[in-house]
Structures are given as C-alpha cells and as structure tokens.
Amino acid sequence: MKRILISVFLLPSLALAGEHQMKHDKHHSHDGPENHENHLHKMVDGQEFQLDEERYNKFVADLSTAQIAILSVQGMVCDFCARGIEKTFKKDEGYQNIDVDLSNGKVLIAYDMAVRLDRSDIEKKILSNGQNLVDMQILTIP
Amino acid sequence: MGIRFFILPAILTFALTTALSARPVSYTGGSTVMYFSDELKESVYYHYSPSYRYSLGLEWLKDKVQNKNYAYLRYTHLLNRKNTQTSQRNLYFQSGISSEGIDRNFIGLHGDWETRRLFTSFGLKHVQTDVKDYTEEYIQLGLAPYLGDYGDLHTWILFKAKRNSLTNEWNSYPVLKLFKGNFMVELGYDENDEWDAHLMYRF
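As annotated in an unreviewed UniProt entry, chain B carries the name DUF2490 domain-containing protein and comes from alpha proteobacterium IMCC14465.

An unreviewed UniProt entry lists chain A under the name HMA domain-containing protein, with alpha proteobacterium IMCC14465 as the source organism.

Here it is as structure tokens:
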C-alpha cells in the first residue's frame, strides 16, 4: 500500500519536473548572474545594478504608482528557505507585490508611495528568515 | 491543473500515512509538521520557531527498536550559519527528552552546506533508551538536475549513507527529494527493502 501511494505521488511529480525543466530551458539559457544578455541595467544615485529585464517587466506590469525596494540577499539558495521572506513582507503596510529571484539573490518588493522604507527594519526581517541583506536600492514608478 | 496535480497527491499521502523534514529550524514565527519513517522509527513531529535560531517541538513516535509508542519534547538550536551569495552552511544542535522519563533522551548534531546546485549534509545522534543506547549517523550528497525558479517544483537527487550502532553496518541508497511551495517530500529505498520517507509542510 505504501509503495502504491508513493508511486502515485512520485509519477506526476517527476512528470512535472521534466515539464519545468523544458520551460526553464526555453526561457533561460543560463543559470547564474554572469550572463548579461537579458539583464536590465538601472542607475540609482549614480550606482548601477542589474535586474533580469523580463522578470522586472513582469513584476511592474500591474503596478501603477509604487516604490520598489530591490534587495540583494545572501544565503537565499533554495525556494523552501526563501518562503519566510514572502510571508514576512506580505504583512507589511502598503505592500503591493513581491518577487524572489533565486538565481540572482534578489528580492523585489513593491510598496505604496506613502510608505517610508527603513533599511534597518528590512534588514531585520531578512535576518528573521535566516538570511543577510547586503544591499538595498529603491526605484520609483511615478 | 499542474499545481493541483502535485498538491492533491501530496495532501493525500500526508493524510494517509501521517506526515515529515529538511531544515530543523524554520523562519521566525514559522511552524513545521513532519512525518518520518525508516527502519528505526515512524514519527510525526511538530515544531515552532520563536526565532530563526531555535525551535521547540513535540514528536510522537512509534519506536521500532523497542516496539512501543512515546513522545519527545524537542529543542533544536542553530549553532552556526554562514550565508554567501551562492551558498548557505548550517550547524545545528538537536535534543529531545522522552515522555518515558528524563533519562530516555537524545542529543545530536546536524550540519549542511548547499548551493542551488549542490547539497551535502551529515547527522550524528546518540539515543538513550531503557533497553539499549545506540547512535545513528548519516551523510548525504545531492545534485539538483535543473535550477527551478521560485514557486517551481524543485528536485534533488541524493546519495545517502547511514549507520546505526545496533546493526553496525553502513547502508547506502539513492534518495529523491522534491519540494514545491511549502511542501517537501524525500524518499529513499535501500537494498534491504526499507523505505526512508520524509514529508514536510511549513506554515
């Protein structure tokens, strides 16, 4: 019985793994941040940073006016470990949207313009999930 | 369709077999339910993490060595963590006191290091019982065959070797680990026709 249950569970999961791999290969010809072909270069306060262009455009597509906190996070190596980040920031006042980019160690969080973003507060929230914030930039969508 | 196809069998498996784990401490305020089964025990374990540094929990288990049921009050502490842009390394202290008495307990260490592509871990545990004390140890090496995005189904193929002092033999076998969202399942099957099954749900 146990084997039947496990087989029932595993077969669709493995099929999905193959499906995700095909989708992933189609959209991304690379694994890491070293490939710059699809990256968007933004300048904030004279400092340049990279974002995945397709990913960024998708993220802002439904936003009208917002400020976006772009976080560089260390230790965000697996989906399962990053779940707490999404759960924590979703509770914030003025929260609009979040995107976790595991490949580049980036988290994008969109807030209402009225919210005052405090780096130390964000740093504490990232740490409460067990990761470290190493950089934070804010973009605005007027 | 895809998500339902994955989650429904997971819930079914979870509900029918009771339930399991990866990280012994969750994020601050996080709860975890696990089911674990191997040749030594079958257990259900719930823990809560007041901080990302430690967790407190209760484990109900069927001890296959002593052939009886009891519970553990468990405490796990993150001793050390090193985050880099591409990796994370952890070392945990684990302990538990049995409902059968304070002299029936266990202590152990668990360590892991992972990148998005590679995973390694080890565990060492000493268990005191009223029949015979024993130790368990294991190592795991794993590879992710593809790198999924956040929210995708993630897959790991692992090699696990474990030993307990009761049989004093190393047993090695492949393990498949899958996770999506808040669900994780880890299954291994060894040459002695024994399943290792771990299921976990984090919330």
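Student: What is the right way to look at the sheet that holds strand β5 (residues 106-111) of chain A in this model?
Tutor: To summarise the sheet geometry, strands pair through backbone hydrogen bonds and adopt either a parallel or an antiparallel arrangement. Residues and elements named next belong to chain A. What the 4 strands build is an open sheet, ordered β4-β5-β3-β6; its pairing is antiparallel. Looking along the sheet, the strands with just one partner apiece sit at the ends: β4 (95-101) and β6 (132-141). Along the sheet, successive strands turn relative to each other by an average axial angle of 15 degrees, direction set aside. In terms of strand pairing, β4 meets β5 through 6 bridges, oriented antiparallel.

Student: What exactly am I supposed to notice about the packing of helix α3 (residues 79-90) of chain A against helix α4 (residues 119-128) of chain A here?
Tutor: Two numbers describe a pair of packed helices, the interaxial angle and the distance between the axes. All names here are of chain A. Their axes nearest at 9 Å, the elements α3 and α4 cross at an angle of 140 degrees. Taken as axis vectors, α3 and α4 run oblique relative to one another. For the pair α3 and α4, the sense of crossing is right-handed. Side by side, α3 and α4 meet where I85, T88 and F89 of the first sit next to I122, K125 and I126 of the second. Here the contact of α3 with α4 is built from residues that sort into 4 nonpolar, 1 polar and 1 charged.

Student: Sorry if this is basic, but what is going on with the state of the cysteines here?
Tutor: Each disulfide is one covalent bond, formed between the sulfur atoms of two cysteines. Residue and element names in this part refer to chain A. All chains considered together, the criterion is met by 1 disulfide over all chains. Covalently, C78 is tied to C81 through a disulfide, its sulfur atoms 2.2 Å apart. Taking the sign of the torsion about the S-S bond as the criterion, the disulfide between C78 and C81, at about 85 degrees, is right-handed. Here the two residues C78 and C81 agree in accessibility, since each one is buried.

Student: Help me understand the nonpolar core in this model?
Tutor: Proteins that are soluble and globular tend to have nonpolar side chains buried together. Within the largest apolar cluster, 19 residues are counted, with the highest numbers of intra-cluster contacts made by L71(A), M76(A), F89(A), V107(A) and I126(A). Those elements that place two or more of their residues in this core are β3 (66-74), α3, β4, β5, α4 and β6 of chain A. Apart from residues no more than four positions distant in its own chain, L71(A) is found in contact with F89(A), G105(A), K106(A), V107(A), I109(A), I122(A), I126(A), L133(A), D135(A) and M136(A). Membership of the second largest hydrophobic core comes to 15 residues, among which are C78(A), Y45(B), W156(B) and F179(B).

Criteria and thresholds
Residues numbered from 1 in each chain as written. Chains lettered and ligands numbered in written order. Predicted model: local features only at pLDDT ≥ 70, side-chain atom pairs only at ≥ 80, totals over all residues. Heavy atoms only, no water. Pairing = 2+ DSSP bridges. Helix = DSSP H or I, 4+ residues; strand = E, 2+ residues; numbered from the N terminus. Axes fitted to C-alpha atoms, helices over the stretch in contact; angles between N-to-C directions. Parallel < 35°, antiparallel > 145°, perpendicular 65-115°, else oblique. Left-handed = near helix turned anticlockwise from the far one by under 90°. Contact = heavy atoms within 4.5 Å. Nonpolar A, V, L, I, M, F, W, Y, C, P; charged D, E, K, R; others polar. Disulfide = S-S within 2.5 Å. Buried < 20%, exposed > 50% of the residue type's maximum accessible area, 1.4 Å probe, protein only. Core = buried A, V, L, I, M, F, W, Y, C linked by side-chain atoms within 4.5 Å.

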